Amino acid sequence: MTDSDQVSPAAGQEARPSSSPEAQAPQTKTGSPNDFLKGVIGKQVVVRLNSGVDYRGILSCLDGYMNIALEQTIEYVDGVAKSSYGDAFIRGNNVLYISAVKN
C-alpha cells in the first residue's frame, strides 16, 4: 500500500482517533482483591451482607473464607442505624462486598 492508497471511512462513519495515550480513557489503579484487603485492615469499612444489611466499623482482621472481625461497629438497615456493637464477627458466606470508607 502506498501513500496514495489510503482508505477513508465508509459513508456515514467517522474516522476513529489514534490509540495514543491522550485519546484513551483515563486508567484507574487496579490491584488484586488481596492487596485491597491488606490495605484496609485497621481502617473504616462498610461490609454489605447478602440480606442488604450494612455493618460499618474498623476492619480488625479477616481470613481466607472472608470471615470478618470489625471493631466499633454500627449496624445499618435500609440506611438507618439500628444497633451499635463493640466488636462484630461476620461469617464470610454472608458477605456481598467490602468497601473502604473515604475520609
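As the structure is a computational prediction, the values presented were derived from the model and not from experiment.

Looking at the overall build of the chain
Counting its regular elements, the chain contains one helix and five strands. Each helix (α) and strand (β) of the chain, taken in turn from the N terminus, gives the series α-β-β-β-β-β. Counting every position in the chain, which comprises 103 residues, the buried fraction comes to 22%. A separation of at least 24 residues holds for 35% of the contacts in the chain among residues at least 6 apart in sequence. Element-wise, carbon and sulfur atoms account for 50% of the exposed surface of the chain, whose accessible area totals about 8000 Å².

Concerning the nonpolar core
Ranked by internal contacts, the top residues of the largest apolar core, which has 13 residues, are Val45, Val47, Ile68, Leu70, Ile90 and Ile98. Every element with two or more residues in this core is listed here: α1 (33–40), β1 (44–49), β2 (54–62), β3 (68–77) and β5 (95–100). The element best represented in this core is β1, accounting for three residues. Aside from chain neighbours lying at most four places away, what touches Leu70 is Val45, Val47, Tyr55, Gly57, Ile58, Leu59, Ser60, Gly86, Asp87, Ala88 and Ile90.

Some remarks on the sheet that holds strand β4 (residues 80–90)
The strand order across the open sheet formed by five strands is β4-β3-β2-β1-β5, and the pairing between neighbours is antiparallel. Looking at the sheet topology across the chains shown, the edges are occupied by β4 and β5. For this sheet the average axis-to-axis angle between neighbouring strands, irrespective of direction, equals 30°. Here β1 pairs with β2 via five bridges, running antiparallel. Along β2, the bridge assignment pairs Val45 with Gly57. Docked against the sheet, α1 engages β1, β2 and β5, running at close to 60° with respect to β5.

Quick look at the confidence of the model for the chain
Do not read the fine detail of predicted coordinates wherever pLDDT is low. Across the chain, pLDDT averages 81, with 72% of residues at or above 70. Put simply, α1 is where the chain has its lowest mean pLDDT, 88, and β3 is where it has its highest, 97. Contacts of residues 4–10 to residues separated by more than four positions or lying in other chains number three contacts, the stretch itself having pLDDT below 50. This model gives residues 18–22 a pLDDT under 50, and the stretch forms two contacts once residues within four places in sequence are excluded.

Some details on the pattern of salt bridges
In the structure shown here, the tally under the stated rule is one salt bridge. Among the salt bridges present, the one from Arg48 reaches Asp54, with a minimum N-O distance of 2.3 Å. For Arg48, a relative accessible area of 24% puts it in the partly exposed group. Overall, the relative accessible area of 8% leaves Asp54 in the buried class.

Calculation criteria
- Residues numbered from 1 in each chain as written.
- Predicted model: local features only at pLDDT ≥ 70, side-chain atom pairs only at ≥ 80, totals over all residues.
- Heavy atoms only, no water.
- Helix = DSSP H or I, 4+ residues; strand = E, 2+ residues; numbered from the N terminus.
- Buried < 20%, exposed > 50% of the residue type's maximum accessible area, 1.4 Å probe, protein only.
- Contact = heavy atoms within 4.5 Å.
- Areas by Shrake-Rupley, 256 points an atom, 1.4 Å probe, with all protein chains shown as cover.
- Core = buried A, V, L, I, M, F, W, Y, C linked by side-chain atoms within 4.5 Å.
- Pairing = 2+ DSSP bridges.
- Axes fitted to C-alpha atoms, helices over the stretch in contact; angles between N-to-C directions.
- pLDDT = per-residue confidence, 0-100.
- Salt bridge = Lys/Arg side-chain N within 4 Å of Asp/Glu carboxyl O.

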